[in-house]
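Here is how the chains run, residue by residue.
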Amino acid sequence: MASPIAPDYGQQFLFPPALEDWVADDHPARFLREFVDQLDLAPLGFAMPVAVEGRPPYHPSLLLKIWLYGYYHRIRSTRKLEVACREQLSLLWLTGLIQPDHNSLWRFWRDHKKALRALFKQTVQVAVRTGAIGLALQALDGTKIQAAASSSQGWSKEYMEKVLAQLDVALDDLELKVVAENADVASPGYRLPAGLAERQALREQIKTGLAQLAADGRKSYHPVEPEARRMKIGDTNRYAYNAQAVADAQAGVIVACDATQQENDHGQLAPMIQQARENLGVAAAGTVTLADAGYGAGADLQAAANQDLRVLVPPAEGTPAKDNPYATQHFHYDPQAHTVTCPQGQSLDHEGHTVKEGVRVERFRCHVRDCPVRAHCTRDPKGRQIEVRPHTVVVQAMRQQLQDPTMRAQWRQRSTIIEPRFGQLKQHDGFRRWTVWGLDGVKTQWSLLCATLNLRVLYACWRTGRRPEGTNPTMPPRCLANGPKFALRGIARAERWWEKVSGLAAVRTCALRICLPVAFAQVR
């Protein structure tokens, strides 16, 4: 009769355990180790610490491996990473049984934000070398993520003005009281009354916040995280940041990423595509970028056209044109003849031009009094007026291009390319709120999150045996049969044990080794 399986805590090893046997051959920890070991950390900005006194510092590659492991496995807290370094077997293997404390991990993050952001570009370049990027189609989108600061602690402009007025009155009363109480004192003391210093500091903070609101044209301010902005997140309004990303269509690799304070996506189209080109190289010159109407402002489409960027973006039209057959988008402007034609085929007369927000705007007006649809077209007694801006021609061309069924079908792929990346971060990884403060920290964390998504794609390639160009062909193949491999390891371990107990280490022969291949060529 078989006995139940139970642990035997008194069991001992016949041979000393080898660290290399602690994780499987295809474990993500092995991939992360190979990825970091092939990086040239100094040019990226990871400084090698030097300690003249005290304990030697941790190597940057060690701390970088821990951070990448943490984000790969959804551990983003320094204290939880410290615990994982003591308890998780795969992380114990990755660190070589070294256990940095949370302060060391945080100081590494604090001192290497720029280098951590540069790490994202390395993942993109490795993905290019592995063939995981198609360079044909990519999609751009943004997502709002709540700031670390509490939204309930924010201040509105009206509240700040009210509190400032109350503080001015209270401080004036306190100053008069101080003068009255010390009228007979020849030399007044330097200690302020209780509460006066705090109120003065609060008044200066409110004045600073009001100055920022006046400069930005906004109506809300957070005293703890001034860089955060009020944004709509789902059905709520929270202090947040706008995270931007560009994903390639082939495997979903993120090829460009950024985080901004902007509540909308205006002005992000051309900069994000240019960042993707910089990360991918000249091969991305012909890539088509898809985006939603939030990026379809006329100025953005014009900027993309000026830089020869291939985009498919619906123009931001406002109310759908089908609801109004006489909407502005149904009037056609001919740049050659410098004329505007209405949906009824009538030509509008040129009335001159004006300047709005530094842009020259041409004005055209309809003077057809007996037009049968005049009442449906306009209520202006002078006739319908159309304004033509410098980007009108580009907007018309984009609108015409999207009327082609083939182009429309290609644009509909946008949501299937980029939105699953955001869903993976928010739903699978549970990342719905920044864990760092300030725009600089948010940019760093977003870059590391996007790099983690790329590393998961690269891990799938690495696990299936795909290698980038430039891999050393003389290295032994990784996918060896388990039988011979473990047999060789057992022989090598037995030889080391015998040499230790017999004192023959001086005459030991060449040890048998199983070499892990270099998964990625060094990216410099």
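Here, every reference points to the structure presented above.
Reading guide: rules and limits
- Residues numbered from 1 in each chain as written.
- Predicted model: local features only at pLDDT ≥ 70, side-chain atom pairs only at ≥ 80, totals over all residues.
- Heavy atoms only, no water.
- Phe/Tyr/Trp six-rings, centres within 6.5 Å; stacked < 30°, edge-to-face > 60°.
- Helix = DSSP H or I, 4+ residues; strand = E, 2+ residues; numbered from the N terminus.
- Lys NZ or Arg CZ within 6 Å of the ring centre and 35° of its normal.
- Disulfide = S-S within 2.5 Å.
- Buried < 20%, exposed > 50% of the residue type's maximum accessible area, 1.4 Å probe, protein only.
- Salt bridge = Lys/Arg side-chain N within 4 Å of Asp/Glu carboxyl O.

Novice: How would you summarise the packing of aromatic side chains if you had to cite specific residues and measurements?
Specialist: Per the counting criterion, the structure on display carries 13 aromatic pairs. Measuring from centroid to centroid gives 5.7 Å for phenylalanine 46 and phenylalanine 108, while their planes differ by 10°, and the two rings are stacked. Placement of phenylalanine 46 in the loop between α2 (41-44) and α3 (60-72) and of phenylalanine 108 in helix α6 (residues 102-111) is noted, with a sequence separation of 62 residues between them. On the numbers, 6.2 Å between centres and 40° between planes, the contact of phenylalanine 422 with tryptophan 446 is tilted. Highlighted residues: phenylalanine 422 in helix α15 (residues 414-428) and tryptophan 446 in helix α16 (residues 438-463), separated in sequence by 24 residues. Members of the aromatic cluster, each reached through a chain of ring pairs, are Phe31, Phe35, Tyr72, Tyr459 and Trp462. Lying across the ring of tyrosine 72, arginine 456 places its NZ or CZ 5.5 Å from the centre.

Novice: I'd love a proper account of the state of the cysteines, names of residues and values included.
Specialist: Two cysteines, two sulfur atoms, one covalent bond between them: this is a disulfide. For the structure on display, the rule yields zero disulfides. Unpaired in this structure, cysteine 366 has its nearest cysteine sulfur neighbour in cysteine 371, at a distance of 5.8 Å. In this structure cysteine 366 comes out as buried when scored by relative accessible area, which is 11%.

Novice: Tell me what's going on with the pattern of salt bridges, and back it up with residues and numbers.
Specialist: Counted by the stated rule, this structure contains 19 salt bridges. Linking glutamate 20 and arginine 33 is a salt bridge whose minimum nitrogen-to-oxygen distance equals 3.1 Å. Note that glutamate 20 is positioned in the segment before α1 (28-37) and arginine 33 in helix α1, a separation of 13 residues in sequence. Accessibility expressed as a relative area gives 30% for glutamate 20, which makes it partly exposed. Across the pair aspartate 440 and arginine 117 runs a salt bridge, and its minimum N-O distance is 2.9 Å. Here the residue aspartate 440 occupies a position in helix α16, and arginine 117 occupies one in helix α7 (residues 113-130), the gap between them amounting to 323 residues. Several salt bridges share partner residues, and in doing so they unite Lys356, Arg363, Glu387 and Arg389 into one network.

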